[in-house]
Amino acid sequence: MKKYKPMLARTAEAPFSSAEWIFEVKWDGMRAIAYINDELSIRSRNQKELQKNFPELQELKELAENVVLDGEIIIMRDGKVDFQTLIQRIQARSFRENEYLNRKFPAIYVIFDILEKNGESLIDKPLEVRRKILGESLTEGKNVVLSVSVEKDGEAFYKATIEKGLEGVIAKKKGSAYEPGRRSSSWLKIKKTEECDCVIFGYTKGKGSRKATFGALILGLYDGDVPVFVGKVGTGFSQKDLETLSQAFKKLIVEKKTLEGVAVPEEVTWLKPTLVCQVSYQVVTSDGRLRIPRFLGMRTHKTPGECTIEQIQLETLQEYSAKRDFSKTPEPRGRRKEGIKKTFVVQEHDARRLHYDLRLEWEGVLKSWAVPKGIPEDSGVKSLAVQTEDHPLDYGSFEGEIPKGQYGAGTVKIWDRGVYVDKLWEADKIEFVLQGERLSGRYVLVRLKRGGEKNWLLFKARD
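Conventions we followed
- Residues numbered from 1 in each chain as written.
- Predicted model: local features only at pLDDT ≥ 70, side-chain atom pairs only at ≥ 80, totals over all residues.
- Heavy atoms only, no water.
- Helix = DSSP H or I, 4+ residues; strand = E, 2+ residues; numbered from the N terminus.
- Buried < 20%, exposed > 50% of the residue type's maximum accessible area, 1.4 Å probe, protein only.
- Contact = heavy atoms within 4.5 Å.
- Areas by Shrake-Rupley, 256 points an atom, 1.4 Å probe, with all protein chains shown as cover.
- Lys, Arg positive; Asp, Glu negative; His and termini not counted.
- Charge placed at Lys NZ, Arg CZ, Asp CG, Glu CD.
- Core = buried A, V, L, I, M, F, W, Y, C linked by side-chain atoms within 4.5 Å.
- Pairing = 2+ DSSP bridges.
- Axes fitted to C-alpha atoms, helices over the stretch in contact; angles between N-to-C directions.
- Arc of directions from axis to C-beta.

1. With respect to the overall build of the chain
Next, step 1: When you go through the chain residue by residue, the secondary structure sums to seven helices and 27 strands.
Next, step 2: Its C-alpha atoms give the chain principal-axis dimensions of roughly 70 × 65 × 45 Å.
Next, step 3: A burial count over the chain gives 49% of its 463 residues as buried.
Next, step 4: Of all intrachain contacts in the chain linking residues separated by at least 6 positions in sequence, the fraction that spans at least 24 positions is 62%.
Next, step 5: For the chain, the exposed area adds up to about 24000 Å²; of that, 48% sits on carbon and sulfur atoms.
Next, step 6: Placing the 79 positive and 69 negative side-chain charges of the chain at their respective mean positions leaves the two points 2 Å apart.

Below, the structure written as structure tokens:
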């Protein structure tokens, strides 16, 4: 079998509709081409063999014969595509770690094209013909699925994908051939992006054509009075931008580091943090970094103090924020800092009805459940736990009076707090060991199958 480089897409400025195009989901994963004959090979864009990283995709050998397939490997976590967990799978250092991640976060290979069948190259055939052959040549499996496409109405499809939290869509022109290794105008990617204003704290040394200017800007946002590293941006600059900024930087260079927590391999030149730039990005990662940032321009009318962390607030806290007027309630807005240990808190909440709120730190927020009858302290006792919106980490230290007229009005007191160890965290079951001032031991949360997606059962397990 011939080795192929994947066809790449150009960027479209906006979603569109056309009878001459088909539209598919753009998955936030790893591009991979699978070669299936007597042996199986799954290769990344840089020709790295991926079978050891994703052994569950061995089922391809039972689902197709003598074909070359193109697709995207993704990981689903809590009902959403999770790129960071995919990176964990790729970087697993031991067989045991890979086996654990495979069991907990299995990969899905979403296939959208066929390049060869029975030794015959198909890349010059029209897109519609290739898709028909693909459907006839592949059976879907547990970890292998076919990409679904729609025709004509690309704008409505784009809107639906964004509402579901997906990255965007790929538009493919009908009648087009497959162009290995080329970034072709026959495929267009239409992605959702966010924007924020960041403070420039430094820059990395430039290489090659940028040797006389800089490589990337070190970006930060303010969490109160403390600057927080949110990543670096090295794309989107015109030659004029590079030269103008390099001149401006000369007057701002300082010897002392101006931002802590900067984890980059390159040499950094530190700057007095007075300049503000605007960047676009796709998402904010769970460790608070801007993913795929791009420089948009300088923001001369903005001061560094206006560039706050709230701009990139975790999406999971949007429901929490929407329910509260922070000019009236003393509850915390939410910060992105994560503790070294995983913490938990149980808060007594005397609202319309007295209940207890169990909150577990997970991926930068406090996952929360309202427990009307309190947390069981003896094994065998089971309590209903109703999942509520995620809360910010600093809510774990909140005590006070939520004013009348505000969501959850009433008195909040800390009933117990401490740290916990997670033993299992799946979509429908969570096991954890509490080490608190009052509570200790192994607890289990199980989602009730017939009680609605927010209703769980909480009980203390036998140690």
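And the narrative resumes.
2. A short note on the side chain of Ser-280
Next, step 1: Examined against the element boundaries, Ser-280 turns out to sit in strand β17 (residues 276–281).
Next, step 2: Residues within four places of Ser-280 in sequence aside, it is in contact with Thr-193, Glu-194, Glu-195, Ile-292, Pro-293, Arg-294 and Leu-296.

3. Overview of the nonpolar core
Next, step 1: The biggest cluster of nonpolar side chains holds 35 residues, and the ones touching the most others in it are Leu-217, Leu-219 and Leu-290.
Next, step 2: Of all elements in the fold, only β13 (194–204), β14 (217–223), β15 (226–233), α6 (239–249), β16 (268–270) and β17 reach the threshold of two or more residues within this core.
Next, step 3: Residue contributions to this core peak at six residues, all from β13.
Next, step 4: Not counting chain neighbours up to four residues away, the residues in contact with Leu-219 comprise Cys-198, Val-199, Phe-201, Val-228, Phe-229, Val-230, Gly-231, Val-233, Leu-259, Cys-277, Val-279 and Leu-290.
Next, step 5: One finds Ile-42, Leu-63, Tyr-109 and Leu-134 within the second-largest nonpolar core, a separate group that totals 30 residues.

4. Thoughts on the sheet that holds strand β1 (residues 8–11)
Next, step 1: One open sheet holds the five strands; their spatial order is β1-β12-β11-β2-β10, and the pairing between them is mixed. The open sheet has two free edges, formed respectively by β1 and β10 (149–152), since each of these has just one partner strand. When strand polarity is set aside, the average angle formed by the axes of neighbouring strands in this sheet is 40°.
Next, step 2: By the bridge criterion, four bridges tie β1 to strand β12 (residues 183–191) in an arrangement that is parallel.

5. Focus on the environment of Pro-106
Next, step 1: Mapped onto the elements, Pro-106 comes out in the loop between α3 (95–104) and β7 (107–117).
Next, step 2: You can call Pro-106 partly exposed: its relative accessible area is 36%.
Next, step 3: Pro-106 has contacts with Glu-56, Ile-74, Ile-75, Arg-89, Leu-101 and Asn-143, leaving out every residue within four places of it along the chain.

6. Re the pairing of β17
Next, step 1: Taking burial as the measure, the six residues of β17 include six buried ones, the bulk of the element.
Next, step 2: The two faces of β17 match: Val-276, Gln-278 and Ser-280 on one face and Cys-277, Val-279 and Tyr-281 on the other face are all buried.
Next, step 3: Sheet topology note: the β13/β17 ladder contains six bridges and is antiparallel. Within β17, the position partnered with Asp-197 by the bridge is Gln-278.

7. A look at α6
Next, step 1: Listing the buried residues of α6 in full gives Leu-242, Leu-245, Ser-246 and Phe-249. Projection of α6 onto a plane perpendicular to its axis shows the buried side chains occupying an angular sector of 105°, all on one side.
Next, step 2: Buried residues along α6 sit in contact with β13, β14 and β18 (294–298).

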